[in-house]
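The residues making up each chain are set out below.
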Amino acid sequence: MGANFHILTNNPQVAEKYPTLSVSLSCGVEGIFLAARDEIHLGAVAINHPLSGSVKPNESPYKSLVLSLRRGPLDIDSLTVIESAIEVLRKMPVRNIDFHPRVLEDFQVIDLDLLNSAIVALPAQYHM
């Protein structure tokens, strides 16, 4: 059984758990949001919300977003959601914190858990 989606992530735990579904990027949360916006402009649909969970986007250095593999007409809802997330992130203060490795691992686990929940809840159309 294949999947009709992929994951944009900067989280090494996500890339390790979903190696065939993940597109790993070396960037921060804003870079993930911008890459998702680029894909949405090319016709992808954002499947999970970029601001899901209780962690503010400027608090964790990790983010994973699920996008459709389909390329169709521009999905205005997806574009609106990602543009709003970018705007929210840019309004928040930049946090240049040098996190301890255990704290980084905790953030990775939180992001992975949110992603797992999103994948479990995917509509059937995203599974082939």
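The structure we're discussing is the one just above.
We now turn to the structure provided with this report. (Residues numbered from 1 in each chain as written. Predicted model: local features only at pLDDT ≥ 70, side-chain atom pairs only at ≥ 80, totals over all residues. Heavy atoms only, no water.)

A closer look at the pattern of salt bridges
Within the structure shown, the criterion is met by four salt bridges. When the shortest N-O distance is used, the salt bridge between Glu83 and Arg37 registers 3.7 Å. Of this pair, Glu83 sits in helix α3 (residues 76-91) while Arg37 sits in helix α2 (residues 29-41), placing them 46 residues apart in sequence. On the basis of relative accessibility, which here comes to 31%, the residue Glu83 falls in the partly exposed class. (Salt bridge = Lys/Arg side-chain N within 4 Å of Asp/Glu carboxyl O. Helix = DSSP H or I, 4+ residues; strand = E, 2+ residues; numbered from the N terminus. Buried < 20%, exposed > 50% of the residue type's maximum accessible area, 1.4 Å probe, protein only.)

Notes on the packing of aromatic side chains
If you walk through the whole model with that rule in mind, you get one aromatic pair. Ring geometry for Phe99 against Phe107: centres 5.1 Å apart, planes inclined by 70°, an arrangement best described as edge-to-face. Accessibility expressed as a relative area gives 15% for Phe107, which makes it buried. (Phe/Tyr/Trp six-rings, centres within 6.5 Å; stacked < 30°, edge-to-face > 60°.)

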